[in-house]
Amino acid sequence: MNRTSNNGTRERLRIAIQKSGRLSEPARALLSACGLAWRESRDRLFCYGESLPVDLLLVRDDDIPGLIADAVCDLGIVGRNVLQEQAGERIAAGKEQAFREWRALGFGACRLMLAVPETWQWQGAAELAGKRIATSYPALLADWLRAQDIAAEIVQLSGSVEIAPRLGQADLICDLVSSGATLAANQLKPVEMVLQSEAVLAGPVAVFDDVRAELADLLLRRLEGVLKIREGKLLLFQASREIVPSLIDLLPDADPPIMTSIDGSDRLALQALCHSAVTWQRLEDLKRAGAAGLMVVPVERMLA
Ligand code: PRP
Ligand code: ZN
């Protein structure tokens, strides 16, 4: 495998990703889009980088922060929820921070939510006083309760949190919600948000002081390009000159639009590169503000 010397320097970069689960496929796809390719090993836990000296380690997501802390891996793709929970656990144990979020990756969005049985007439967080809350995220939940100045009991479970209320182990739960199907299937409803999460690139707190620094820079640069295009959409529309400023106010994430007069009139054709999702809602807002002929076009390649 890799040559690792005693002082922890390495000549190849090692990235940990989830072996199987929600983030596993999109994480691999994102790294492939950055030009990484691997030779699959027989045990399929370690993939040797062929296009660049960047190897993959396929692991359980919960192990990723610890692997970075122990310098077994250099970087990881993991949910912000896992990363922040383990950072909180380290603080509680008096350990120093050994990893941090380097960059949000724009996929795997989910929320850590408090959820109660559907029959509960929820009045607000004050109702939580003295209640038992089952969760696999005790540090994040404890932080949130402290910030709300609520004294509740945390029941730490490693899995199957959603059945705890039915088993009488807890009054409510604090768990990840993505589609909401798991909550619905267990007759629970989300009531308070503890953390907004998505997949992130995690790395050490300190910078690398060997060839890994260049490899990490290269990866970050490529990620920047890939994510920019992924989110980038060209928005085409027409409007009369006097309402253009108010339309631009509705496009805070867009580059300054290119404007062309239609037949020399006060009617303009505009094209604006938007850097986040152009949803139906946004199109309707623009139409209401006077834009016409709205069209959203995906961007294939960009060279500034
Ligand atoms: C989360 C959570 C729920 C499920 C919710 O698990 O614990 O079981 O996802 O998703 P839904 O709202 O779409 O139904 P996760 O995928 O993080 O797996 P893990 O906890 O086993 O790592
Ligand atoms: Zn997990």
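Scroll up a little and you will see the structure.
Residues numbered from 1 in each chain as written. Chains lettered and ligands numbered in written order. Predicted model: local features only at pLDDT ≥ 70, side-chain atom pairs only at ≥ 80, totals over all residues. Heavy atoms only, no water.

Visitor: How do you make sense of the nonpolar core when you look at a structure like this?
Guide: The nonpolar side chains of a soluble globular protein tend to be buried with one another. If you look at the biggest cluster of nonpolar residues, it comprises 34 residues, and the most contacted ones within it are L114, L128 and I133. The set of elements that each furnish at least two residues to this core consists of strand 4 (54-59), helix 2 (64-69), helix 3 (80-92), strand 7 (110-117), helix 4 (138-148), strand 10 (172-177), strand 11 (188-197) and strand 12 (199-203). Among the elements that take part in this core, helix 4 stands out by supplying 4 residues, more than any other. Beyond its immediate stretch of four places on either side in the chain, I133 contacts L114, L128, L141, L145, A152, E153, I154, V155, A170, L172, I173 and C174. (Core = buried A, V, L, I, M, F, W, Y, C linked by side-chain atoms within 4.5 Å. Buried < 20%, exposed > 50% of the residue type's maximum accessible area, 1.4 Å probe, protein only. Helix = DSSP H or I, 4+ residues; strand = E, 2+ residues; numbered from the N terminus. Contact = heavy atoms within 4.5 Å.)

Visitor: Just to check I follow, could you spell out the pattern of salt bridges for this structure?
Guide: A side chain of one charge can pair with a side chain of the opposite charge if their charged atoms are brought near each other. For the coordinates displayed, the defined rule picks out 13 salt bridges. R39 serves as the salt-bridge partner of E50, at 3.4 Å between the closest nitrogen and oxygen. Of the two residues, E50 sits in the loop between strand 3 (46-49) and strand 4 while R39 sits in strand 2 (residues 38-40), which places them 11 residues apart along the sequence. With a closest N to O distance of 2.5 Å, R103 and E224 form a salt bridge. Placement of the pair is R103 in strand 6 (residues 100-104) and E224 in helix 7 (residues 211-231), with a sequence separation of 121 residues. (Salt bridge = Lys/Arg side-chain N within 4 Å of Asp/Glu carboxyl O.)

Visitor: I'm lost on helix 4 in this one. Help?
Guide: Along an α-helix, a turn takes 3.6 residues, which lines up residues three or four apart on a common side. When we look at burial in helix 4, the residues that qualify are P138, A139, L140, L141, W144 and L145. Buried residues in helix 4 make contact with helix 3, strand 7, strand 8 (132-135), strand 9 (153-156), strand 10 and strand 11. Backbone geometry just downstream of helix 4 places D149 in the positive-phi region, at approximately 60°.

Visitor: How do you make sense of the pairing of strand 7 when you look at a structure like this?
Guide: Moving residue by residue along a regular strand, the side chains alternate between the two faces of the sheet. Across the 8 residues that make up strand 7, a large majority, 6, are buried. Summarising the sheet, strand 7 and strand 11 pair through 8 bridges and their orientation is antiparallel. Bridge pairing in strand 11 places L112 opposite L195. (Pairing = 2+ DSSP bridges.)

Visitor: For this particular structure, what's the right way to read the site of ligand 1?
Guide: Surveying the vicinity of ligand 1 reveals the residues R22, D61, D175, L176, V177, S178, S179, G180, A181 and T182. One of the backbone nitrogen or oxygen atoms of S178 is found 2.8 Å away from an oxygen atom of ligand 1. At 2.5 Å, a side-chain N or O of T182 approaches an oxygen atom of ligand 1. About the coverage of ligand 1: the protein hides 65% of its 520 Å² of free accessible area. Among the elements of the structure, strand 10 and helix 6 (181-185) are those that each provide at least two residues to the shell around ligand 1. A per-element tally of the shell around ligand 1 places strand 10 first, with 3 residues. In terms of residue class, the shell around ligand 1 is made up of 3 nonpolar, 4 polar and 3 charged. (Near = heavy atom within 4 Å. Polar contact = N/O pair within 3.5 Å; in protein donor to acceptor, adjacent residues only side chain to side chain. Areas by Shrake-Rupley, 256 points an atom, 1.4 Å probe, with all protein chains shown as cover. Nonpolar A, V, L, I, M, F, W, Y, C, P; charged D, E, K, R; others polar.)

Visitor: Which parts of the structure should I look at to understand the pairing of strand 12?
Guide: Of all 5 residues in strand 12, 5 are buried; the element is thus mostly enclosed. Looking at chain direction, strand 5 (residues 75-79) and strand 12 are connected through 4 bridges and run antiparallel. Each residue of the ladder has a partner; that of V78, found in strand 12, is V200. In this structure, strand 6 lies alongside strand 12, joined through 4 bridges in antiparallel fashion. Bridging across to strand 12, A104 finds its partner in V200.

Visitor: Any chance you could explain the sheet that holds strand 15 (residues 267-274) here in plain terms?
Guide: Hydrogen bonds between backbone groups are what pair the strands of a sheet, and the pairing can be parallel or antiparallel. If you trace the 4 strands from one edge of the open sheet to the other, you get 14-15-13-16, paired in antiparallel fashion. Two strands close off the open sheet at either side, each with one partner strand: strand 14 (258-261) and strand 16 (292-298). The mean angle between the axes of side-by-side strands here comes to 15°, regardless of whether they run parallel or antiparallel. Taken together, the 4 bridges between strand 14 and strand 15 define a ladder with antiparallel strand orientation. Paired with T260 across the bridge in strand 15 is A269. In this fold helix 9 (residues 280-288) packs onto strand 13 (233-240) and strand 16, with an angle of close to 150° to the strand it touches most, strand 16. (Axes fitted to C-alpha atoms, helices over the stretch in contact; angles between N-to-C directions.)

Visitor: Explain helix 1 (residues 24-33) to me, please; I cannot follow it from the model alone.
Guide: Among all positions of helix 1, only S24, A27, R28, L30 and L31 are buried. Axial view of helix 1: buried residues confined to an arc of 160°, hence all on one face. In this structure, the buried side of helix 1 is in contact with strand 1 (13-18), strand 2, strand 3, strand 4, strand 5 and helix 7. With its phi angle positive at about 90°, G35 sits one or two positions after the end of helix 1. (Arc of directions from axis to C-beta.)

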